[in-house]
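What follows is the residue order along each chain.
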Amino acid sequence: MSATRAEICVVACAEAWRGDGEILAAAMGTCSILGARLARLTFEPGLLTTDGGALLTAEAVPIGAPAGAAEGWLPFREHLWLVQNGRRHVMMGASQIDRYGNTNISAIGDWTRPKSQLLGVRGAPGNTICNPTSYWIPRQSTRVFVPKVDVVSGVGHDRAAGLGPEAARFHDLRRVVTDLAVFDFATPDGSMRLVSVHPGIEVEQVRAATGFDLVVEGEVPETRQPTGEELRLIREVLDPRSLREREVKP
Amino acid sequence: MGTRMSVEEIVGSLESGMTIGIGGWGSRRKPMALVRAVYRSSLTDLTIVSYGGPDVGLLCAAGKVRRVVAPFVTLDSIALEPHFRAARQRGTVEFTEYDEGMFMFGLLAAAHRLPFLPTRAGLGSDVMRVNPGLRTVRSPYDDGEELVAVPALTMDAALVHLDVADTRGNGRYLGPDPYMDDLFAKAAGRCFVSCERMVEPGELAGPPQTLLVSRMHVTGVVETPDGGHFTDLGEKGRDEAFQRHYAASAADPQAWAAFADRFLTGDEEAYRKAVRQWHEEEGR
């Protein structure tokens, strides 16, 4: 029973919340949502997860399923309050990301008259300056991993350092998971480092899909494989309709 | 006290150049009947304050908008709002972009009649660059921390859509999320409430904590069955098929002209009829 790439991504996303304890795992994107719920069902049972809407679900529910019993209420106003309060680790998406983890979901090109208007900054500025943040990027390429993002929506390490220790004391970029690999920022200047490559992916492939100088230290390990129990939970409980396979192609 | 008004009376009381807040969130519980009436009106040069969805898109498409004040504009199940995108990419609307938490603090400041409220959200991001009017403020306490001073988002008028309201203008929401509708009501000089169903005073049965908007903040109230269509109305959900039709039509000038002609030229009754017919033709 070998795992698909999407399933490896789900487990890599789940690992982002390891050790977080009793906080909200806020997830965006299919593999990230599945990852949060998988972490809760396995190694991080204290996590809180939502139905994708205003409810904190009593149990980790299948993706797209009704919330079932609720253990809490988190409408948008409370969610925005929780961002400031900080008992939350968010895994966001990004249309562009640079080596220091600055991200853009606002607009491509010159902000005053964008070549492509995207969502707007949404909650990215507040998320990144107030609570732990990771990213899930389903299709890594040099269009996404860029030397410089056009509009800084999520704050990276260089920007946070520029604010000084007081203002940046809650800034905490954790990791980036893509369809190719896992990255963190555990370098002296907070630039991005390759942590592991997914099974079947070469380091050179990752480099070729990265538009900036990536820190690669020594032999890069493989991203871990899902356990049999994790695969069962993903396939039979959390995502029986295989929505994950639409987000990450084999 | 909110008095009963028609959609046309409400929109007729607005003026070009006003700053108008619109409740709801993305493509959820938007006062679309009122937005469609603004679309048909002669109003121009509006500043729209919104957690933006098709309200912002439609008004941009109609050339009603000078400035959008928003943290995002999205249709939720369709990530990007096509008309807003087109307006931004053509440079035909100005944009004041906020973080969504900052935006809430702006509403809270206005509702509390404060000039600003401080927050960390925005520090280090390009929100500070693209909104050069934003200022920071230093804490007067021992920490001395520098924070963003979010200016009050005051508005001339706010439009919100609720599930049920009484004839006095008290409103109740039935879905899982109040969004920020009561804050819009409190932050605006005048607030107009549209509702799916109107009842007599005392007949707003349900848990008291769902009585979101009070008549003390409401200038006018109108019953607009399906007035939130095609956005999400809690248990009723969103008309996803029609939203897809809206977005697909927006992608092409000819298709959009046909859409506007079919759905947006008449009043709400004509709109409902046209939508019903469209669903029959599409077999869904």
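Read on for an overview of the structure. Here the structure is a predicted model, which is why all the values come from computation and not from measurement.

Points about the sheet that holds strand β9 (residues 133–137) of chain A
Residues and elements named next belong to chain A.
- Spatial ordering of the open sheet is given by β1-β4-β9-β10-β11-β12, a layout of 6 strands whose pairing is mixed. In the strand order of this sheet, the two ends are held by β1 (24–27) and β12 (193–197), each with one partner. Strand after strand, the sheet turns through a mean of 20° between neighbouring axes, direction not considered.
- Note: strand β10 (residues 173–178) against strand β11 (residues 181–184), 3 bridges, orientation antiparallel. Bridge pairing in β11 places Val177 opposite Val182.
- Set on the sheet, helix α1 (residues 5–15) makes contact with β4 (88–92), β9, β10 and β11; between it and β10 the angle comes to about 180°.

Quick notes on the interface of chain B and chain A
- With 45 residues of chain B at the interface, the matching set in chain A holds 38 residues.
- Surface buried jointly by chain B and chain A totals about 3500 Å² across both partners, of which 54% is contributed by carbon and sulfur atoms.
- Our count for the contact surface shared by chain B and chain A stands at 4 salt bridges.
- Between Arg77 of chain A and Asp182 of chain B there is a salt bridge, with the nearest N and O atoms lying 2.4 Å from each other.
- Applying the counting rule to chain B against chain A returns 25 residue pairs in polar contact (both at pLDDT 80 or more).
- Going through the elements one at a time, α4 (82–90), β5 (94–97), α5 (100–111), α6 (127–130) and α7 (181–187) of chain B are the ones with two or more residues in the side of chain B that touches chain A.
- With 5 residues, α4 of chain B is the single largest residue contributor to the side of chain B that touches chain A.
- The residue makeup of the side of chain B that touches chain A, split by class, is 22 nonpolar, 8 polar and 15 charged.

Quick look at the pairing of strand β9 (residues 155–166) of chain B
All names here are of chain B.
- The element β9 is extensively covered by neighbouring structure, given that 11 of its 12 residues are classed as buried.
- Sheet topology note: the strand β2 (residues 19–22)/β9 ladder contains 3 bridges and is parallel. In the sheet register, Gly21 faces β9, and the bridge partner there is Ala158.
- For β9 and strand β11 (residues 188–199), the ladder comprises 10 bridges, and the chain directions are parallel.

Structural notes on the pattern of salt bridges
- Scanning all chains against the criterion turns up 36 salt bridges over all chains.
- Across the pair Arg169 of chain A and Glu166 of chain A runs a salt bridge, and its minimum N-O distance is 3.4 Å.
- Overall, the relative accessible area of 40% leaves Arg169 of chain A in the partly exposed class.
- Linking Arg66 of chain B and Asp45 of chain B is a salt bridge whose minimum nitrogen-to-oxygen distance equals 3.2 Å. One end of the pair, Arg66 of chain B, is in strand β4 (residues 65–70); the other, Asp45 of chain B, is in the loop between α2 (32–40) and β3 (46–50), and 21 residues separate them in sequence.
- Arg66 of chain B sits in the partly exposed class, given a relative accessible area of 34%.
- Among the ionic contacts, a cluster of salt bridges with common partners joins Glu7, Arg235, Asp239, Arg244 and Glu245 of chain A.

Regarding the nonpolar core
- The biggest cluster of nonpolar side chains holds 53 residues, and the ones touching the most others in it are Trp256 and Phe263 of chain B.
- Excluding residues within four positions of it along the chain, Trp256 of chain B makes contact with Tyr39, Leu58, Ala61, His83, Tyr246, Ser249, Ala250 and Leu264 of chain B.
- Membership of the second largest hydrophobic core comes to 49 residues, among which are Cys130 of chain A together with Trp25, Met102 and Tyr179 of chain B.

Comments concerning helix α3 (residues 76–85) of chain A
- All of the buried residues in α3 of chain A are Phe76, Arg77, His79, Leu80, Leu82 and Val83 of chain A.
- Those residues of α3 of chain A hidden inside the fold are in contact with β1, β4 and α4 (124–130) of chain A together with α5, α7 and β12 (211–213) of chain B.
- Positive backbone phi, at 95°, marks Gly86 of chain A, one or two positions downstream of α3 of chain A.

The rules behind the values
Residues numbered from 1 in each chain as written. Chains lettered and ligands numbered in written order. Predicted model: local features only at pLDDT ≥ 70, side-chain atom pairs only at ≥ 80, totals over all residues. Heavy atoms only, no water. Pairing = 2+ DSSP bridges. Helix = DSSP H or I, 4+ residues; strand = E, 2+ residues; numbered from the N terminus. Axes fitted to C-alpha atoms, helices over the stretch in contact; angles between N-to-C directions. Contact = heavy atoms within 4.5 Å. Buried area = accessible area lost by both parts, 1.4 Å probe. Salt bridge = Lys/Arg side-chain N within 4 Å of Asp/Glu carboxyl O. Polar contact = N/O pair within 3.5 Å; in protein donor to acceptor, adjacent residues only side chain to side chain. Nonpolar A, V, L, I, M, F, W, Y, C, P; charged D, E, K, R; others polar. Buried < 20%, exposed > 50% of the residue type's maximum accessible area, 1.4 Å probe, protein only. Core = buried A, V, L, I, M, F, W, Y, C linked by side-chain atoms within 4.5 Å.

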